[in-house]
Amino acid sequence: MRIDKLLAHTGYGTRKEVKKLVKQGAVEADGIKIKSFSAQVNPDKEVITVKGETVEYREFIYLMMNKPPGVISATEDDMHETVVNILELEDIVRQPFPVGRLDKDTEGLLILTNDGKFAHGITSPKKHVSKVYEAVLDQTVTEEDKKRFAEGIVLDDGYETKPARLEQIDSEKMLVHITISEGKFHQVKRMCHAVGKEVLFLKRIQIGGIVLDPKLETGEYRDLRDEEIEELQNS
Ligand code: URA
């Protein structure tokens, strides 16, 4: 993998900062100075050091994406572009997969990782990790709708959801926040449909204590920070 990527992954700073470290001659592979930030290294075979300190290579990759609409939350698909297809090649080679699913037309916070145990900790129904969605509906919600969400809603297949939170954010724009702690198929859309409302726009903005980074445009992604990984592990 590229040395700048390895160092950014292992906490030596942003891509820009690690490029500077390479330029300064602070980075070595098996005792030989690395001259280019695009140099390829094999962290399993070479000892990489920064200012003499050995770099601890992490096996796993953890990404936060602002998923764009029109892309499938899967690793591969015969027909459509997937969230993995839109990653950079050097991330794709580490074989990340999306943690849970968002519908094709849903945007927002999606975590990708190659750490199965971590992913299971977030998606396991036993964990009840909360997810917050921003939605635009076709009508203004009522106090009765909020009450029904809080009590749990019976979906079209007879399943009764766990209690959820429906908050009015902007009544003119019909903008709401919906918090659920499970991940049934099309859950938010079906819950809204059950109270006579249709979802016109849907974006996930939070998972557990992790909020979608407002600096990420749709389609952009970044590495999760150590504290965000820990937060999700403790969710
Ligand atoms: N609920 C939905 O209806 N769709 C999503 O993509 C996520 C939650």
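None of these values were measured; they are calculated from a predicted model.

Student: Could you give an account of unusual backbone geometry, with specific residues and numbers?
Tutor: Both trends apply: most residues other than glycine have a negative phi, and most peptide bonds are in trans. For Lys51, which is not glycine, the phi torsion reads 50° and is therefore positive. For Lys51, the position within the fold is in the loop between strand S3 (48-50) and strand S4 (53-54). If you check the backbone angles, His186 has positive phi at about 50° while not being a glycine. Assignment of secondary structure puts His186 in the loop between strand S10 (175-180) and helix H6 (187-194).

Student: Could you give me a rundown of the sheet that holds S4, with the residues and numbers involved?
Tutor: On the basis of which strands lie adjacent, the open sheet formed by four strands has the order S2-S1-S3-S4 and antiparallel pairing. Each end of this open sheet is capped by a strand with a single partner; those strands are strand S2 (32-33) and S4. Summarising the sheet, strand S1 (residues 27-29) and S2 pair through two bridges and their orientation is antiparallel. Looking at the pairing, Glu28 lines up with Lys33 of S2.

Student: Before we move on, can you summarise the site of the ligand with the specific residues and values?
Tutor: Every residue near the ligand is listed here: Leu102, Asp103, Thr106, Tyr133, His186, Gln187, Val188, Lys189 and Leu202. In this structure, an oxygen atom belonging to the ligand sits 3.2 Å away from a main-chain N or O atom of His186. For the ligand, an oxygen atom lies 3.5 Å from a polar atom in the backbone of Gln187. Coverage of the ligand by the protein amounts to 95% of the 240 Å² it exposes when considered alone.

Student: Give a description of the pattern of salt bridges that names residues and reports values.
Tutor: Counted according to the given criterion, the structure contains 17 salt bridges. The salt bridge partner of Lys33 is Glu28, with a shortest N-O separation of 3.9 Å. Given the relative accessible area of 46%, Lys33 is considered partly exposed. The salt bridge involving Arg225 is made with Glu228; its shortest N-O contact spans 3.6 Å. A single network of salt bridges, built from pairs that share partners, joins Asp213, Arg222, Arg225 and Glu228.

Student: With reference to specific residues and values, describe the domain arrangement of the protein chain.
Tutor: For the protein chain, the assigned domains read domain 1 (3-54), domain 2 (62-124 + 225-233) and domain 3 (131-207). Taking only C-alpha atoms into account, the centre of domain 1 sits 47 Å from that of domain 3.

Student: Account for the packing of aromatic side chains, with residues named and values stated.
Tutor: Scanning the model with the defined rule gives two aromatic pairs in all. On the numbers, 6.4 Å between centres and 65° between planes, the contact of Phe60 with Tyr62 is edge-to-face. Its relative accessible area of 11% is what places Tyr62 among the buried residues. Judged by centre distance (4.8 Å) and plane angle (70°), the rings of Tyr62 and Phe118 are edge-to-face. Residue Tyr62 is located in strand S5 (residues 62-67), and its partner Phe118 is located in helix H4 (residues 116-123); the two are separated by 56 residues in the primary sequence. For the pair formed by Tyr62 and Phe118, the shared burial category is buried. Each member of the aromatic cluster is reached from another via a ring pair, and the members are Phe60, Tyr62 and Phe118. Here the guanidinium or amino end of Lys19 rests over the ring plane of Phe37, the centre of that ring lying 4.6 Å away.

About the criteria used
Residues numbered from 1 in each chain as written. Predicted model: local features only at pLDDT ≥ 70, side-chain atom pairs only at ≥ 80, totals over all residues. Heavy atoms only, no water. Helix = DSSP H or I, 4+ residues; strand = E, 2+ residues; numbered from the N terminus. Pairing = 2+ DSSP bridges. Near = heavy atom within 4 Å. Polar contact = N/O pair within 3.5 Å; in protein donor to acceptor, adjacent residues only side chain to side chain. Areas by Shrake-Rupley, 256 points an atom, 1.4 Å probe, with all protein chains shown as cover. Salt bridge = Lys/Arg side-chain N within 4 Å of Asp/Glu carboxyl O. Buried < 20%, exposed > 50% of the residue type's maximum accessible area, 1.4 Å probe, protein only. Domains from an automatic or database assignment. Phe/Tyr/Trp six-rings, centres within 6.5 Å; stacked < 30°, edge-to-face > 60°. Lys NZ or Arg CZ within 6 Å of the ring centre and 35° of its normal.

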